[in-house]
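A structural walkthrough
Below are the chains, spelled out letter by letter.
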Amino acid sequence: MNYYVSVHGSDWNPGTEQEPFATLAKARDCVRTINSLMTKDIVVYIRGGIYYLDSEFVLDERDSGSNGFKVQYRNYTGEKPILYGGQRITNWEHIKFSVYKAKVGRHWSFQSLIEHDEWGIRYASSALTGPGQWYLDTQAGELFYWPRSGEISSAIINAPTMTDMFRLTGSSPSAPVRNIQIIGLQLQLTDTVQHFDYVDSIDFVNGNAEREETKHGLIYMENAESITVKNCKLMNAGVCGIWLNKHAQRNEIYGNWIEGSGLNGVYLTGWSFDQGPFLSAEDAYVNKFNIVSNNFIYDSGKFELTRGSGIQLHQSGDNEISNNRIMKAPRYGISMKGDRYGVLENHGSIYGIPVTRDNRYDFLYTRNNRILFNDISNVMTNSEDGAGIESWGVGMGNVYDHNCVHDFVNLNHWRNWFGGIYLDDCSDYMTVTNNIVYGIHGGHAFGIMEKGIENRVCNNIVANNGLTWAIWMQEFAEVSYGLKLGCNILYNNNTTAIYGFEHLPEGFAGNPVYTSVYDGELPERIAGFDHNLIYEPIGSTNVLMGDKSTVFSHENWKAAYGHDAHTVLGKDPLFVDAENGDFRLRSDSPALALGFTPIDQSLIGLKSDFPWEPIQTTPVSALIEANGIRNLPRLHQSVKEVTL
């Protein structure tokens, strides 16, 4: 049986196509009466029009599909339902100049406002100074606003009434909400929060863990399994477009347009360390086996301007993050977080198990994630110490493969480091293959940065950038060793050095926050560098070592350390059209003889079934021109050359 909902309906109707309901809640309550023994899918069709919701739409285990069938909430074929998590404000009174006032009542308090689906700017008082600014006097129940449009009577100005719109939450992990599909809807506007602080942001005991009061989304899931969100537009989320929290398994986020989120486009967060009702580390591994694929995620971090991301994972593993196109975020395109050993040992024990260097990976659930075929551009707009793809303190077995990171310039500060792919502290046992990094410029920039244990960085292209290092290797908060780097193409990166090695600073282990990192002799930092192709017509092919004040020519470094024996220096790899982002190799490319496997760029980015035409990337040349940058500064250091 199917049900229908319409802006012209009534909840006194039977919910048929001819006599539809008015609300989703009424349709849901009717579904509950027929979904226990399903023999086919149940579909709730939502007709076109604009719906202003009075409260969250909540689905729990009573609303699940059964017998392998699904309950769908979807658009009526060919129609566009738009659902707002707020109310339109219309009773405007002109005050002075371009400022208007509306009575909203003292019961309604909100942190955000939109005009024509564009975020307003909250101001500290009613003395507004420019278009888009607003101020809410909660004592008087009055909203002051300077509209962007000239005529306020025709302006569509909405304020949120909720922080979650669709809330899919089972009552427990053993009673999850499951087998529900949300398809073809446009969800807009939820409120933001006052603070985005991490839990224990000072002592790092639960570093990178979000506070519970921060966890919100246009679609929020917890104790949720086999939920699908497909072909939806998710706009102006005050916190996240979609948040999968704690127990969330086998859910799929596919083919959506997610724009203007306050924090992240999509966020997957498991339980933080030593939290929850668990008796073992494995029992606490409950956020896993999800798919986030074929989504266009644009302009995240509208309210969290220093760490907003397209997609972020914390203590979440065995996920597939694939074929997403991510544009415009203040820090990361894709970020994976956990914690490093120097912090984990501060716990002493987790779930009654003493934490040791040997068992630390048992507690790190950001593991076995497959980051594949994603296209990431125009990120790092307002931050530092970040990258297009980044990881920190993660578990084992994560893979970055066939991603393209391109076209951004760090304008925040020229001496802040950032780059294409960033294996930050304790990014261990990772595989980085078949990725392309191009069009990245900045004063302290890198193509690929590696800190970790036994990582494999092979068959990647780093080309046409403005970098300090093409490959940067660093020991900082933890030890790093066993790196394998082979069959990469480093091309025209205008580098200070093709490789940079930085060691753990003396005395750093004595820092009370970063406690002892290792006892005993370490394995070799480099397990193997070879069969790379390096072509640097303008920049340096030197190698920086130690404290960055020692420099080797590449030939002297090879002789001294025995690496890169078969690497080719100074030969053009012969791309088809590198200037226009086509990194296919000509048949006579010298990289092929070194064992380089051609990268099929046609597999990267959105799939052919993505339902909209996405916004185009702004080329890095346009970013440079728009910001008045003529000569890109880079980190040139005073060095001493080592000769043999």
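Figured I'd write up the structure that's included with this text. All residue numbers refer to position in the chain's written sequence, counted from 1. Given that the model is predicted, a residue must reach a pLDDT of at least 70 before its local features are reported, and side-chain atom pairs must reach 80 or more before they are shown or counted; all residues, however, enter totals for whole chains, interfaces and linings. The basis for the side-chain values is all heavy atoms of the structure; hydrogens and waters are excluded.

Scanning the chain for helices and strands turns up five helices and 56 strands. By the compact-globule yardstick of 26 Å for 644 residues, the chain fits well, its C-alpha radius of gyration being 26 Å. Oriented by its inertia axes, the alpha-carbon framework of the chain measures out at about 90 × 60 × 55 Å. Only protein chains enter the calculation, and the probe is 1.4 Å; a residue is then buried if its accessible area is under 20% of its type maximum, exposed if over 50%, and partly exposed in between. A total of 644 residues make up the chain; the buried ones form 61% of that total. Residues count as neighbours in contact if any of their non-hydrogen atoms are within 4.5 Å of one another. Nonlocal contacts in the chain, meaning residues at least 24 apart in sequence, comprise 78% of its contacts between residues at least 6 apart. A positive count includes Lys and Arg, and a negative count includes Asp and Glu. His and the chain ends are not counted in either. Every charge is mapped onto a representative atom, which is NZ of Lys, CZ of Arg, CG of Asp or CD of Glu. Across the chain, the centroid of the 50 positively charged side chains sits 4 Å from that of the 74 negatively charged ones. Put simply, DSSP H or I for four residues or longer makes a helix, DSSP E for two residues or longer makes a strand, and each gets a number counted from the N terminus. A radius of gyration in this sense is built from C-alpha atoms; the matching globule rule multiplies 2.2 Å by the number of residues raised to 0.38.

With that settled, the discussion passes to the pattern of salt bridges. Within this document, salt bridges are pairs made up of a side-chain nitrogen of Lys or Arg and a carboxyl oxygen of Asp or Glu, the two lying within 4 Å of each other. Here the structure, examined in full by the defined rule, presents 25 salt bridges. In this structure, Arg148 engages Glu118 in a salt bridge whose closest nitrogen and oxygen atoms are separated by 3.5 Å. With Arg148 in the loop between strand 14 (142-145) and strand 15 (157-160) and Glu118 in strand 11 (residues 118-119), this pair connects stretches of sequence that are 30 residues apart. Take Arg148: its relative accessible area is 32%, and that puts it in the partly exposed class.

This part takes up the packing of aromatic side chains. Working definition: rings of Phe, Tyr and Trp (its six-membered ring) pair if their centres are within 6.5 Å, and the pair is stacked with planes under 30 degrees apart, edge-to-face with planes over 60 apart, and tilted otherwise. Counted according to the given criterion, the structure contains 37 aromatic pairs. Ring centres of Phe446 and Trp472 lie 6.0 Å apart, and the angle between their planes is 50 degrees; on these two criteria the pair is classed as tilted. One end of the pair, Phe446, is in strand 42 (residues 444-450); the other, Trp472, is in strand 45 (residues 469-474), and 26 residues separate them in sequence. With respect to burial, Phe446 and Trp472 carry one shared label: buried. Where Phe552 meets Tyr561, the ring centres are 5.8 Å apart and the plane angle is 75 degrees; that geometry is what we call edge-to-face. In this structure an aromatic cluster arises from ring pairing among Tyr499, Phe501, Phe529, Phe552, Trp557 and Tyr561. Only lysine NZ and arginine CZ atoms are considered, and such an atom sits over a ring when it is within 6 Å of the ring centre and within 35 degrees of the ring normal. When the ring centre of Trp271 is taken as origin, the NZ or CZ atom of Lys246, which lies over that ring, is 4.3 Å away.

Moving on, we come to unusual backbone geometry. Non-glycine residue Leu189 carries a positive phi angle of around 75 degrees. By the secondary structure assignment, Leu189 is in the loop between strand 18 (186-188) and strand 19 (217-230). If you check the backbone angles, Asp274 has positive phi at about 65 degrees while not being a glycine. Mapped onto the secondary structure, Asp274 falls in the loop between strand 24 (264-269) and strand 25 (287-288).

Structurally, Tyr73 can be placed in strand 5 (residues 71-75). The exposure class of Tyr73 is buried, given its relative accessible area of 0%.

Strand order across the open sheet formed by four strands is 7-15-10-11, with antiparallel pairing between neighbours. Where the open sheet ends on each side, the last strands, each with one partner, are strand 7 (86-88) and strand 11. Pairing of strand 10 (residues 114-115) with strand 15 involves two bridges; the strand directions are antiparallel. Across the sheet, Glu115 pairs through a bridge with Ile157, a residue of strand 15. Here the rule is simple: two strands pair whenever DSSP picks up at least two bridges between them.

Considered for burial, the residues of helix 3 (residues 554-561) that qualify are His554, Asn556, Trp557 and Lys558. In the stretch just after helix 3, Gly562 is the one whose phi turns positive, near 80 degrees.

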